[in-house]
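Take a look at the letters that make up each chain.
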Amino acid sequence: MKRDADFDKLARYTGQWMRGEGPESDIVISTRIRLARNLADFPFIRRCSDEDRLSIERTVRARMESLTDNNWSAAQYVDLEPLSEIDRQLLVERQLISREIAEADGSRAVAFDAAEGYSVMVNEEDHLRIQVMKSGLDIKNTWEQVNRIDDMLEEVILYAFHPRYGYLTACPTNVGTGLRVSVMLHLPALVITEQMDRVFRSMQRINVTVRGLYGEGSQYTGDFYQVSNQITLGHTEADLLALVGEEVAPRIIEYERKARESLLKNNRDDLHDEVSRAMGILNTARKISSEETMHHLSKIRLGISMGLIDQLDVKVINQLFLQSQSAHLQKLQGRILGRAERHARRASFLQHHLAGKGDTTWN
Amino acid sequence: MKCQFCEKPATFHITELTDPGGPQVMHFCEEHAKGFLHKEASPPMTAIASALAKQLGQVGDDLEELDQKECPVCGISFFEFRNSGRLGCPYDYTHFESDLRPLLINVHDSTEHIGKRPTRSAGTADSLAKMIGLRREMEEAIEREDYERASEIRDELKAMEDPIAPKSTESDTTS
């Protein structure tokens, strides 16, 4: 494992899972599966002493280093404790670590590969949080990879496992499989046609959580929703994966497709107008917040998928979603920026890239 | 409208769907919305709080007694678990078993794991508890500079962990 992460370089790239490729990628941003695991011979994080945390971090690091798997030896291992706030924030924006672990105290770390396809957090809510992310709806490959990493780690780490309750986790909502499969969906047409409530209601009865980020009235909307399994015990991994990946996500995708078709058929001019205005604002604004940016980028992404904008690649939009966030902007600028400076810097950054002058660099 | 957690204006409005009473709308500023959204998809506190409320309604007067119950391995009390939604160690699943089972049924509608199993196992709940106890004892030995005792414990722990060592085979039986 390498221990010399270059955060300035990291900020310039986009992880593979943001390529905007893979099945259903016009609607599905990404598939993510995480497994919660704990070491058998330590208390859960909440009852750990500082020494326990340090000991867990060192044990896990040493065991990971003992692995001879080629993919693994190329992984980055980052000790989060001495990291600056901005670098931790950068990892949060890239979804390599959670906000909780970024803001926690004590020994904690993350291991991830160069393509940012997987990450293993050490000392999050559980001792280990193993996650794999892929572009588009790709449950099968995502599961195969996370399962392989779990098998590999299990060879060298003794997990807390109970014959009846399965993998033991700090929070009883994760016990059993410790598995959470999440599909991130872009659903602007369902939002525009005001059908999200119906989607929410239909999902409630089937042990699936839909969570969204949206504005009301005059506020900005990003139109992104995450669908994931709510329960982890009493079902096999295959059942939970099928519930989200075969039952729920395809159904929502179909709703969104229908809503897009109906918009094109009945409200094409309005839609085109909205998409063009979003483009206009991002091309001309002198200062802009990240929420407003997200709102307009969402509309542009829809415009690209529906053939209303042809001079832009969805990859560029995905890159802008990532790099227009605060820590990325500041890393790319090479210094800490105040709020007003960030808004101005974001506006010029967006214009530069939308004009096709930026590099789209892929890891 | 102000953010639920601070004085900044609420610019993000999030609908949470895990509440049994129907969708719950929450209002956040940018910063708190990010914090909320980066958490796991299923907010454990909501699920646990509602399941516990249901369960505790049935417990009644015994609640005070239950709240004081403590795990002999990590020392967490049921009260503390109830407040934080987080358990203290793997042995809690054994020590609080009868109290946790109704919760598991409320949350998962099941108390039986039927998924993946590790190829090697730490064995019984008792051996898990023993390992945590030994580890703590080792730390104490190091603290008082009793390195001989510390290294004995280290060997003992290693033997329990190592699937090839004779000690671990007996602990492979399930409870």
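Residues numbered from 1 in each chain as written. Chains lettered and ligands numbered in written order. Predicted model: local features only at pLDDT ≥ 70, side-chain atom pairs only at ≥ 80, totals over all residues. Heavy atoms only, no water.

Q: Just to check I follow, could you spell out the overall build of chain B for this structure?
A: For chain B, the helix and strand inventory stands at nine helices and two strands. Within chain B, the proportion of its 175 residues that are buried is 48%. Surface exposure of chain B reaches about 9000 Å², of which carbon and sulfur atoms provide 51%. (Helix = DSSP H or I, 4+ residues; strand = E, 2+ residues; numbered from the N terminus. Buried < 20%, exposed > 50% of the residue type's maximum accessible area, 1.4 Å probe, protein only. Areas by Shrake-Rupley, 256 points an atom, 1.4 Å probe, with all protein chains shown as cover.)

Q: How do you make sense of the environment of A:N38 when you look at a structure like this?
A: Residue and element names in this part refer to chain A. Note that N38 resides in the loop between β1 (28-37) and α2 (50-65). N38 gets classed as buried once you look at its relative accessible area, which sits at 1%. Distance in space between the C-alpha atoms of N38 and H127 is 4.8 Å, their sequence separation being 89 residues. Those residues in contact with N38, other than ones at most four positions away along the chain, are F44, D126, H127, L158, Y159, A160, L168, T169 and A170. (Contact = heavy atoms within 4.5 Å.)

Q: Sorry, what's going on with the pattern of salt bridges here?
A: Close approach of charged atoms allows side chains with opposite charge to pair. Tallied over the entire structure, the rule returns 32 salt bridges over all chains. For A:E116, the salt bridge identified is with A:R94, shortest N-O distance 2.9 Å. With A:E116 in the loop between β3 (109-112) and β4 (118-122) and A:R94 in the loop between α4 (85-93) and α5 (99-103), this residue pair connects regions lying 22 residues apart in the sequence. When its relative accessible area of 1% is taken as the criterion, A:E116 is described as buried. Residue A:R94 is classed as buried on the basis of its relative accessible area of 1%. Put simply, B:K69 and B:D99 hold a salt bridge, and the shortest N to O gap is 3.0 Å. With a gap of 30 residues between them, B:K69 in the loop between α3 (63-68) and α4 (78-84) and B:D99 in helix α6 (residues 97-108) connect regions that are remote in the sequence. The class of B:D99 is buried, set by a relative accessible area of 13%. Counted as one network, the salt bridges with shared partners bring together A:E124, A:E125, A:D126, A:R129 and B:R86. (Salt bridge = Lys/Arg side-chain N within 4 Å of Asp/Glu carboxyl O.)

Q: Would you mind showing me how to read the environment of A:Y165 here?
A: Residue placement: A:Y165 occurs in the loop between β6 (161-162) and β7 (166-167). Taking the C-alpha atoms as reference points, A:Y165 and A:G176, 11 residues apart in sequence, are found 5.4 Å from one another. For A:Y165, the contacting residues outside a window of four places in its chain are A:V175, A:G176, A:L233, B:Y93, B:E97, B:R101, B:L104, B:T111 and B:H113. A polar atom in the side chain of A:Y165 sits 2.6 Å from the side chain of B:E97. (Polar contact = N/O pair within 3.5 Å; in protein donor to acceptor, adjacent residues only side chain to side chain.)

Q: Hey, could you run me through the environment of A:Q95 in this one?
A: All names here are of chain A. Secondary-structure assignment places Q95 in the loop between α4 and α5. Each C-alpha atom, one on Q95 and one on M133, is 9.3 Å from the other, the two residues being 38 residues apart in sequence. Aside from chain neighbours lying at most four places away, what touches Q95 is W17, R32, Q131 and M133.

Q: Looking at this structure, how should I read helix α7 (residues 125-143) of chain B?
A: Owing to its 3.6 residues per turn, the α-helix aligns residues three or four sequence positions apart on the same side. In a regular helix each residue adds 1.5 Å, so 19 residues correspond to 27 Å; α7(B) covers 27 Å between its end C-alpha atoms and thus fits that length. Listed in full, the buried residues belonging to α7(B) are B:A125, B:S127, B:L128, B:A129, B:M131, B:I132, B:L134, B:R135, B:M138 and B:A141. Residues of α7(B) that are buried in the fold lie against α2 and β6 of chain A together with α5 (92-95) and α8 (147-161) of chain B. B:E145 sits one or two residues past α7(B) and shows a positive phi near 60 degrees. (Expected span 1.5 Å × (residues − 1).)

Q: What should I look at first to understand the packing of aromatic side chains in this one?
A: The relation between two aromatic rings is expressed through the spacing of the ring centres and the mutual angle of the planes. For the structure on display, the rule yields seven aromatic pairs over all chains. Where A:Y159 meets A:Y167, the ring centres are 6.0 Å apart and the plane angle is 75 degrees; that geometry is what we call edge-to-face. Like A:Y159, the residue A:Y167 is buried in the burial classification. Centroid distance B:F78 to B:F96: 5.6 Å. Interplanar angle 55 degrees. Geometry classified as tilted. On the criterion of sequence distance, the pair formed by B:F78 in helix α4 and B:F96 in the loop between α5 and α6 is long-range, its members being 18 residues apart. Ring pairs connect the aromatic residues A:Y159, A:F161 and A:Y167, which therefore count as one cluster. The ring of A:Y159 is capped by A:R37, whose NZ or CZ atom sits 5.7 Å from the centre of that ring. (Phe/Tyr/Trp six-rings, centres within 6.5 Å; stacked < 30°, edge-to-face > 60°. Lys NZ or Arg CZ within 6 Å of the ring centre and 35° of its normal.)

Q: Please clarify how the packing of helix α12 (residues 314-323) of chain A against helix α14 (residues 339-354) of chain A should be interpreted in this entry.
A: Angle between the axes and distance between the axes: these two values describe a pair of packed helices. Residue and element names in this part refer to chain A. It is the contact of α12 with α14, at a shortest axis distance of 11 Å, that shows an interaxial angle of 165 degrees. Viewed along their axes, α12 and α14 adopt a mutual orientation that is roughly antiparallel. The way α12 lies across α14 gives a crossing that is right-handed. Residues V316, I317, Q319, L320 and Q323 of α12 lie in contact with α14, whose contacting residues are F349, L350, H353 and L354. (Axes fitted to C-alpha atoms, helices over the stretch in contact; angles between N-to-C directions. Parallel < 35°, antiparallel > 145°, perpendicular 65-115°, else oblique. Left-handed = near helix turned anticlockwise from the far one by under 90°.)

Q: It is not clear to me how the pairing of strand β5 (residues 128-135) of chain A should be interpreted in this structure. Could you clarify?
A: Strand residues, when the strand is regular, have side chains that alternate between the two faces of the sheet. Residue and element names in this part refer to chain A. In terms of burial, β5 is a largely internal element, seven of the eight residues being buried. As judged from the eight bridges shared by β1 and β5, these two strands associate in the antiparallel manner. Considered in β5, the bridge of R34 is made with Q131. Here β4 pairs with β5 via five bridges, running antiparallel. Bridge pairing links Y118 to V132 in β5. A loop of five residues connects β4 with β5, the two strands running antiparallel in sequence, and N123 in this loop sits at a positive phi of about 70 degrees. (Pairing = 2+ DSSP bridges.)

Q: Whenever I open this one, unusual backbone geometry confuses me. Can you help?
A: Leave glycine aside and you will find that most residues have negative phi; peptide bonds, for their part, are mostly trans. All names here are of chain B. Here the phi dihedral of D109 falls at roughly 60 degrees; this positive angle occurs in a residue that is not glycine. The phi angle at E145 is positive, at roughly 60 degrees, despite the residue not being glycine. Secondary-structure assignment places E145 in the loop between α7 and α8. Judged by relative accessible area, which is 58%, E145 ranks as exposed.

Q: Teacher, can you tell me more about the pairing of β3(A) here?
A: Residues and elements named next belong to chain A. Side chains of β3 alternate between two faces, with A109 and A111 and V110 and F112 buried alike. Note: strand β2 (residues 76-79) against β3, four bridges, orientation antiparallel. Bridging from a neighbouring strand, V78 pairs with V110 of β3. As paired elements, β3 and β4 share four bridges and run antiparallel to each other. Within β4, the position partnered with A109 by the bridge is V122. Hairpin connection of β3 to β4: five residues between the antiparallel strands, including E116 at a positive phi of 60 degrees.

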